[in-house]
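# Structural overview
Residue strings, one per chain:
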Amino acid sequence: MGKLFSISILLLLFISTITPSSAKDGERYSFLQSQKPATPPVRQKLSHLRLFLHDVVSGPDPSAVRVAQAASANQSATRFGTLVMIDDALTVGPELTSKLVGRAQGFYALASKEEIGLLMSMNFAFTEGKYNGSTVIILGRNTVSSEVIEMPVIGGSGLFRLAQGYAQARTHTFNLKTGDAVVEYNVFVMHY
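None of these values were measured; they are calculated from a predicted model. Residue indices begin from 1 for each chain and proceed along its sequence in written order. For this predicted model, a pLDDT threshold of at least 70 governs which residues receive local features, and a threshold of 80 or more governs which side-chain atom pairs are given and counted, while totals over whole chains, interfaces and linings are taken from all residues. Working from all heavy atoms in the structure, the side-chain values ignore hydrogens and water.

## As for the overall build of the protein chain
What counts, and what does not: Helix and strand definitions here come from DSSP, where helices need a minimum of 4 consecutive H or I residues and strands a minimum of 2 consecutive E residues; each element is numbered from the N-terminal end. Residue contacts are defined here by distance: any two heavy atoms, one from each residue, within 4.5 Å place the two residues in contact. Here the Shrake-Rupley method, with its probe set to 1.4 Å, supplies the accessible areas, and only the displayed protein chains count as covering residues.
Tallying secondary structure elements over the protein chain gives 2 helices and 9 strands in all. What you see in the protein chain, going N to C, is helices and strands ordered as α-α-β-β-β-β-β-β-β-β-β. Sequence separation of at least 24 residues holds for 46% of the intrachain contacts in the protein chain that already meet a minimum separation of 6. Total accessible area on the protein chain is roughly 12600 Å²; 60% of this is exposed by carbon and sulfur atoms.

## Looking at the side chain of Ser112
Defined as follows: The buried label applies to any residue whose accessible area, calculated with a 1.4 Å probe on protein chains only, is under 20% of its type's maximum; exposed applies above 50%, and partly exposed to all values in between. We define a polar contact as two N or O atoms separated by no more than 3.5 Å, with the added condition that, inside protein, one atom must be a possible hydrogen donor and the other a possible acceptor, whereas residues neighbouring each other in sequence contribute only through side-chain atom pairs.
Take Ser112: it is sitting in the loop between β4 (100-110) and β5 (117-126). Given the relative accessible area of 9%, Ser112 is considered buried. Within the local environment of Ser112, its side chain forms a polar contact with the backbone nitrogen of Glu114, the two atoms lying 3.3 Å apart. Each residue touching Ser112, except ones within four places of it in the same chain, is listed here: Thr78, Phe80, Gly117 and Arg141.

## Quick look at the environment of Tyr108
Relative to the elements of secondary structure, Tyr108 occurs in strand β4. With a relative accessible area of 11%, Tyr108 lands in the buried category. Separated by 24 residues in the primary sequence, Tyr108 and Val84 place their C-alpha atoms 5.4 Å from one another. Here Tyr108 is in contact with Asp55, Val57, Ala64, Thr82, Leu83, Val84, Ile86, Leu118, Leu119 and Met120, once residues within four sequence places are set aside. Within polar-contact distance, the side chain of Tyr108 engages the side chain of Asp55 at 3.0 Å.

## Points about the environment of Arg43
Within the secondary structure, Arg43 sits in the loop between α2 (23-28) and β1 (45-55). Residue classification places Arg43 among the exposed residues on the basis of a relative accessible area of 72%. Sequence separation of Arg43 and Tyr192 is 149 residues, and the distance between their C-alpha atoms is 6.6 Å.

## Re the pairing of strand β9 (residues 181-191)
The criterion, for reference: Two strands pair under a simple rule: DSSP has to find at least two bridges between them.
Of all 11 residues in β9, 9 are buried; the element is thus mostly enclosed. Here β1 runs beside β9; their pairing, made up of 11 bridges, is antiparallel. Its bridge partner lying in β9, Lys45 is registered against His191. Between the antiparallel neighbours strand β8 (residues 164-174) and β9 lie 6 residues, among them Gly179 with a positive phi of about 85 degrees.

## Quick notes on the nonpolar core
Quick reminder of the rule: Residues belong to one nonpolar core when they are buried, are Ala, Val, Leu, Ile, Met, Phe, Trp, Tyr or Cys, and are joined through side-chain atoms within 4.5 Å.
Counting residues in each nonpolar core, the largest one holds 31 residues, and the members touching the most others are Met122, Phe124, Val136, Tyr185 and Val187. At the level of secondary structure, the elements contributing two or more residues to this core comprise β1, β3 (82-91), β4, β5, β6 (135-143), β7 (149-157), β8 and β9. Excluding its chain neighbours within four sequence positions, the residues that come into contact with Met122 are Leu53, Ile86, Ala104, Gln105, Gly106, Val136, Ile137, Ile138 and Tyr185.

## Details of the pattern of salt bridges
As a working rule, side chains carrying opposite charge can pair if their charged atoms are close by. We apply this condition: Definition used for salt bridges: Asp or Glu carboxyl oxygen within 4 Å of a side-chain nitrogen of Lys or Arg.
What the rule picks out here adds up to 4 salt bridges. Across the salt bridge formed by Asp87 and Arg103, the nearest N and O atoms sit 3.1 Å from each other. Placement of Asp87 in strand β3 and of Arg103 in strand β4 is noted, with a sequence separation of 16 residues between them. Of the charged contacts in the structure, one is a salt bridge between Glu128 and Lys99, with a shortest N-O distance of 3.6 Å.

This is how it looks when you write it as structure tokens:
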């Protein structure tokens, strides 16, 4: 019994030397590291951005271009399975000649069989004023037939780092002949 007890003690000592003894050591090797909050806490700001997005699909220099399409998309009333890449102008007014403040860059996919419903993923990349170089990221569902479309703001960069909020889109004009559209965006963003 004395020999078994001695082996047990040695085994226990060996295991305790190769196993971290505190939570602090365990955190050191973890992929998640706790951070202390900034002192004093930084207060979030609410910004309201009113912009006009110009989605131009016609003419010699379109800002929205179809880049992929399912074989069945042409037979679908909703063009389900079509992917469009965008680099749309963002202006302060509804005219394309009004002041350019950035670009809406990303894509939309026609993602509904029952209605014209888009999956939109885009960055509002600002090029003017105090927001120059900053972005707001919008990802959500756009049901084109709705009067007001609401999509979440899921992040941002620059002055909009850690942004959250929502965007409301309303069609300002839609040209049935060309397919070009001007969409008013009211974006409400909480950021630091």
